[in-house]
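Close look at the chain arrangement
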Amino acid sequence: MSNNIVMTPALWGRSFIAVLFCLLLSSPVLKAQKDSLTAQLPLGYFHSGYKLPDPVPFAQTITPADLKWLLDSLASPSMQGRETGEVGQKVAANFIADQFKDAGLPPEGDRRTYFQTISLQKTSWEDLSLTIDGQEYKNRSDYFVMHSYNKDNPAIQVKEFVFVGYGIEDNLYNDYAGVDVKGKTVVFYAGEPVDEAGVSRVMGNVKRSNWSVDWRRKVELAAQKGAVLAIIVDPRFQEDMKINRKIISTYGWKTVGSDSAALETGMINNIFVTEETANAIFGKKASKVAEAMKSINEGGKVKAMKMKTNMEVHLHKVTQLMEGSNVIGFIEGSDPELKKEYVFVTAHYDHLGENEGVIYFGADDNASGTSAVIEIARAFAEAKKKGVGPKRSVVCMLVSGEEKGLLGSRFYTDFPVFSLKNTVVDINIDMIGRIDKEHEGKGDYVYVIGSDRLSTELHELNERNNRKYTKMELDYRYNDPKDPNHYYERSDHYNFAEKGIPAIFFFNGTHADYHRPSDTADKINFDMQAKRAQLAFYVAWDIANRPTRLRADKLKKDLGKAEKEDQN
């Protein structure tokens, strides 16, 4: 290999690209299209080549003292725990709007206000119970019910039911062959028949079918066959309780006007029960059911069984209409073209309100994230006043309804104020004021979740800004798709990611005060909160000012609701 410096093909190629790029951007016709041109360059082309305005002076305006004042206010008794739809949430929303107004941000919400009003329906249980042979069973210990997937049904008397294995009807496997369930209760197991080698009878291989992935499909099938109640035996009861915590605890909260308001469509009433509760339902035939399930998994003949029981189910609801609101702070971009793209920074400001006179203050969850987003908005506003505002527009949005099932962010992504097609990223902050047990005495850290799920560049960009500025340990343990806590699906960035928008979630982990009245402002580490908020700012600054749009290069074609279409 020669050591002489000559114009090799590689050097010729790089020189040609550089000259061509300069010529393209110097063209009057193409200058207005520079973003679309640069977006076509290879992934990572500008990894370290672009220069940004210095963000440090503005990041330094995010101080522990300012965060403390904001957080103390948000987690004060006057906010009454910021329960969505209640007085405390409205007081908090007005407080946030005042901060945006003081920072000089324009009102971009409904009717030229800072608010996007969310119409909500709150459904709670007037009577929820399960009784078998005169014995009452305990909700969330022996059974659980997903409120949004159940209609009001004050009393269901069950004297007979049909056990239908796994409740599946498919090409290779059918639990309903030769059985009529019209007007009856059906009982079936969650999942699908799998032998000891892991082969599914439904698929004919080791892959799992949609019958395992989406339990609703089984309930809808039972409804189509005329059944009136579905009881689902769940061998993973405790784990599924944790996964579905939000849905189970929402007490039927849903947004009105969003497609989430139609969850019950095509469903019949349904209850998840433990195997122990199921055995009480099966009674003397419990051993027979166990034998049947073993036979089914091993490839035996599927045969439905009719059984007698004495069971009563009460699913009686009361419904009221309420209002929540998202609060929007807008910093318009300085570039004539790039300002049409939007960098979102989000956090939820709602919490759990009061219960029997006891306030759930929600200092860490999530007054810490809320105060951080307010400070980030102020930092961008200050940069704009100094003539170095972001090239892309920045939207700092505080949402309500998160504790009720990510409703505020869901409502926004269903009814966006700014084009979703032109929304570049969501940087979400949820609980950044504490230190968890895993990191006590170990130095500065933050959990990072979701950064690499849709965008390689977002992950690299966050790493780069942390190395250059904040120098924290970036802990990715909760980013594992197999993480049993499922934090990726449990905060507001998820609704953006579902639309195909790259998202990153900053988090400090849980602690003994999580969702307790003891989550108070005096326990916040404001120095740590400030550093984490500054990292979120640096990431937002980079994305808002870089010459190329952040790429969703890992976006899957079949990603759920990730429709890259303009929702306006």
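Here goes a summary of the coordinates provided.

Re the pattern of salt bridges
- Counted according to the given criterion, the structure contains 24 salt bridges.
- Notably, a salt bridge pairs lysine 68 with aspartate 72, separated by 2.7 Å at the nearest N-O pair. You can see lysine 68 and its partner aspartate 72 sitting in helix H5 (residues 64-74), 4 residues apart, about one turn around the helix.
- Using a relative accessible area of 39% as the deciding quantity, one classes lysine 68 as partly exposed.
- Among the salt bridges present, the one from lysine 339 reaches glutamate 332, with a minimum N-O distance of 3.4 Å.
- Assessed through its relative accessible area of 34%, glutamate 332 is described here as partly exposed.
- Residues joined by salt bridges that share partners form a network here, namely Arg236, Glu239 and Asp240.

Topic: the nonpolar core
- If you look at the biggest cluster of nonpolar residues, it comprises 68 residues, and the most contacted ones within it are Phe100, Ile427, Phe506, Phe537 and Ile543.
- In terms of residue count, the dominant contributor to this core is helix H17 (residues 526-545) (13 residues).
- Excluding anything up to four places from it in sequence, isoleucine 427 contacts Val343, Phe344, Val345, Thr346, Ile504, Phe506, Ala536, Val539, Ala540 and Ile543.

Quick notes on the packing of H5 against H17
- Remark: H5 packs on H17, axes separated minimally by 9 Å, with the N-to-C direction vectors making an angle of 105°. The angle between H5 and H17 falls in the class roughly perpendicular. Residues Pro64, Leu67, Lys68, Leu71 and Asp72 of H5 form the contact with H17, whose participating residues are Phe526, Asp527, Gln529 and Ala530.
- Residue composition of the contact of H5 with H17, grouped by class: 5 nonpolar, 1 polar and 3 charged.

Let's talk about the environment of threonine 413
- Mapped onto the elements of the fold, threonine 413 is located in helix H14 (residues 407-414).
- For the pair threonine 413 and phenylalanine 496, spaced 83 residues apart in the sequence, the C-alpha separation amounts to 6.7 Å.
- A polar side-chain atom of threonine 413 sits 3.1 Å from the main-chain carbonyl oxygen of arginine 410.

Considering the environment of phenylalanine 330
- Relative to the helices and strands, phenylalanine 330 resides in strand E9 (residues 305-331).
- Sequence separation between phenylalanine 330 and alanine 381 is 51 residues; the distance between their C-alpha atoms is 9.0 Å.
- What phenylalanine 330 contacts, discounting residues up to four positions off in sequence, is Leu105, Pro106, Glu108, Tyr342, Ser393, Val394, Val395 and Phe418.

Considerations on the side chain of arginine 392
- Mapping arginine 392 onto the fold places it in the loop between helix H13 (363-385) and strand E13 (393-399).
- When its relative accessible area of 0% is taken as the criterion, arginine 392 is described as buried.
- Here arginine 546 takes part through its backbone oxygen, which lies 2.7 Å from a polar atom of the side chain of arginine 392.
- Side-chain polar atoms of arginine 392 contact the backbone oxygen of threonine 548, separated by 3.2 Å.

Focus on the pairing of strand E15 (residues 445-449)
- Burial runs high along E15: 5 of the 5 residues are buried.
- On E15, burial covers both faces: Tyr445, Tyr447 and Ile449 on one face and Val446 and Val448 on the other are all buried.
- One ladder, built from 3 bridges, connects E15 with strand E16 (residues 473-475); its direction is parallel. Paired with valine 446 across the bridge in E16 is leucine 474.
- Taken together, the 3 bridges between E15 and strand E17 (residues 503-507) define a ladder with antiparallel strand orientation.

Regarding the packing of aromatic side chains
- The full count for this structure, using the stated rule, is 29 aromatic pairs.
- Aromatic side chains tryptophan 69 and phenylalanine 95 sit 5.7 Å apart centroid to centroid with 40° between the ring planes, which places their arrangement in the tilted category. Of the two residues, tryptophan 69 sits in helix H5 while phenylalanine 95 sits in helix H6 (residues 87-102), which places them 26 residues apart along the sequence.
- Judged by relative accessible area, tryptophan 69 falls into the partly exposed class, the value being 48%.
- Summarising the aromatic geometry, the rings of tyrosine 487 and phenylalanine 507 are spaced 4.8 Å apart at their centres and angled 55° between planes, so their arrangement reads as tilted. You can see tyrosine 487 sitting in the loop between E16 and helix H16 (493-497) and its partner phenylalanine 507 sitting in strand E17, a full 20 residues away along the chain. The exposure classification of tyrosine 487 matches that of phenylalanine 507, with both residues buried.
- Following the ring pairs from residue to residue traces out a cluster consisting of Phe58, Phe380, Tyr469, Phe537, Tyr538 and Trp541.

Rules of the game
- Residues numbered from 1 in each chain as written.
- Predicted model: local features only at pLDDT ≥ 70, side-chain atom pairs only at ≥ 80, totals over all residues.
- Heavy atoms only, no water.
- Salt bridge = Lys/Arg side-chain N within 4 Å of Asp/Glu carboxyl O.
- Helix = DSSP H or I, 4+ residues; strand = E, 2+ residues; numbered from the N terminus.
- Buried < 20%, exposed > 50% of the residue type's maximum accessible area, 1.4 Å probe, protein only.
- Core = buried A, V, L, I, M, F, W, Y, C linked by side-chain atoms within 4.5 Å.
- Contact = heavy atoms within 4.5 Å.
- Axes fitted to C-alpha atoms, helices over the stretch in contact; angles between N-to-C directions.
- Parallel < 35°, antiparallel > 145°, perpendicular 65-115°, else oblique.
- Nonpolar A, V, L, I, M, F, W, Y, C, P; charged D, E, K, R; others polar.
- Polar contact = N/O pair within 3.5 Å; in protein donor to acceptor, adjacent residues only side chain to side chain.
- Pairing = 2+ DSSP bridges.
- Phe/Tyr/Trp six-rings, centres within 6.5 Å; stacked < 30°, edge-to-face > 60°.

That is the geometry; function is a separate question.
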